[in-house]
Number of protein chains: 2
Amino acid sequence: MATSAPEPRTPRAQQIVEVALELLETQGHDALSMRRIADRIGIRAPSLYEHVPDKRALEAAIISVGFERLADAFEAATAQPGDPLDRTARVYRSFAAAHPHLYRLMTARELHRELLTPGVEDRAGRTLYEAAGRDADLARAAWAFAHGMTILELDNRFPAGADLDAAWERGLAAFRSQR
Amino acid sequence: MATSAPEPRTPRAQQIVEVALELLETQGHDALSMRRIADRIGIRAPSLYEHVPDKRALEAAIISVGFERLADAFEAATAQPGDPLDRTARVYRSFAAAHPHLYRLMTARELHRELLTPGVEDRAGRTLYEAAGRDADLARAAWAFAHGMTILELDNRFPAGADLDAAWERGLAAFRSQR
DNA sequence: GTCTATAGTGGGATAGAC
DNA sequence: GTCTATCCCACTATAGAC
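Residues numbered from 1 in each chain as written. Chains lettered and ligands numbered in written order. Predicted model: local features only at pLDDT ≥ 70, side-chain atom pairs only at ≥ 80, totals over all residues. Heavy atoms only, no water.

Enquirer: Is there a simple way to explain the pattern of salt bridges in this structure?
Expert: For side chains bearing opposite charge, pairing can occur when the charged atoms are close. All names here are of chain A. Counting across every chain of the model gives 29 salt bridges over all chains. Put simply, E59 and K55 hold a salt bridge, and the shortest N to O gap is 4.0 Å. You can see E59 and its partner K55 sitting in helix α4 (residues 55-76), 4 residues apart, about one turn around the helix. Taking relative accessible area as the criterion, K55 reaches 30% and is therefore assigned partly exposed. Residues E114 and R56 are paired through a salt bridge, measuring 3.5 Å at the closest nitrogen-oxygen approach. Of the two residues, E114 sits in the loop between α6 (100-107) and α7 (120-131) while R56 sits in helix α4, which places them 58 residues apart along the sequence. (Salt bridge = Lys/Arg side-chain N within 4 Å of Asp/Glu carboxyl O. Helix = DSSP H or I, 4+ residues; strand = E, 2+ residues; numbered from the N terminus. Buried < 20%, exposed > 50% of the residue type's maximum accessible area, 1.4 Å probe, protein only.)

Enquirer: Can you help me understand unusual backbone geometry in this one?
Expert: Glycine aside, the phi torsion of most residues is negative, and most peptide linkages are trans. Its identity is not glycine, yet A:R134 carries a phi of approximately 55°, on the positive side. Counting through the fold element by element, A:R134 comes out in the loop between α7 and α8 (136-154). With relative accessibility at 56%, the residue A:R134 sits in the exposed group. In this structure, B:N156 is a non-glycine residue whose phi angle is positive, near 60°. Of note, B:N156 is situated in the loop between α8 (136-154) and α9 (164-178).

Enquirer: How should the protein's contact with DNA strand C be read in this particular structure?
Expert: For DNA strand C, the set of nearby residues contains 17 residues, the closest of which are A:R12, A:R44, A:E50, A:H51 and B:R35. Between DNA strand C and the protein, one listed contact pairs a phosphate oxygen with a backbone N or O atom of B:M34 at 3.0 Å. At the level of secondary structure, the elements contributing two or more residues to the surface near DNA strand C comprise α3 (45-48) of chain A together with α2 (34-41) of chain B. In terms of residue count, the dominant contributor to the surface near DNA strand C is α2(B) (3 residues). When the residues that make up the surface near DNA strand C are grouped by side-chain class, the tally is 6 nonpolar, 4 polar and 7 charged. (Near = heavy atom within 4 Å. Polar contact = N/O pair within 3.5 Å; in protein donor to acceptor, adjacent residues only side chain to side chain. Nonpolar A, V, L, I, M, F, W, Y, C, P; charged D, E, K, R; others polar.)

Such coordinate-based values are descriptive only and should not be taken to indicate function.
Right, here's the structure in full:
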């Protein structure tokens, strides 16, 4: 079910990705600089380049880990009761709530797919595809809804008093009715 | 119907906002620096600060203009035929397609509402609220769907062959059925 | 594998003269 | 209202020594 991520080769490279991920999760994307990553490890920034080609590749490695973890969470929830669409949405929503900065990095920018661990994006997408009754158009629409709800909430775009549980439920009901 | 935006006081300040908006639309957000704005006007960057308090306020002014224009487009489309929800979605989608960088600035980040022209966000939101049958939860869910479709497309997140017209239609049908 | 030194680039913003 | 001069910040990345 869960796969062990085929993460970078050497222990040092792996450590860099781990440290960078933790820095991202605690401090946000703006804090994710090569200098700060190096600081946390106890080396100088230029030394990072012996282990990681450049920053884009490092971010791609973090994103790959994120997709693995999201896919793990999706697959672990298969056992849970209820409608598959609701279940998938619940996992999606709590993943984003638990890892807001990681979620943003994973979804709220253009993606350099060629730098990702191969297949990792598809694996996370498969759960939603199944939950949408293997209807690709419906799955994309439902993903757009889930991402929209998530990112608008993270960006504080809804009015202060908005009942987001209710909005989620209305949307999910809409998509369930189409399947 | 359309309101004239209560834009900045002096002609110079207004020109700065116009030039900045044009720079944003043609070159994207990364190109939107005080130096480049000044270049286009033919003055030096420090002189901008005589007319605009700082960059955040300038961006907020641009965003306000964006909301005015979106609201104008929504209201102008009231005359068009078809379901209000479809009509609103069509306008939303073409606004984003026509002004991708502006759309991103308006929606894909946290919003400093206190710097916006008062009421401008509500005015744009009202059309969707009406189209959703004055159901706030449904309107928020529909907005999330529309924003998700839009921003995921702008960020090239859908697979190469994806039929986005079909995905839009599936989502809109879902929301129509709930109203 | 790590270091120092540094290049190169860009950014926002202020002080004070005119 | 605009200018010059400048500060201060931060970043990615490379060269070359050890």
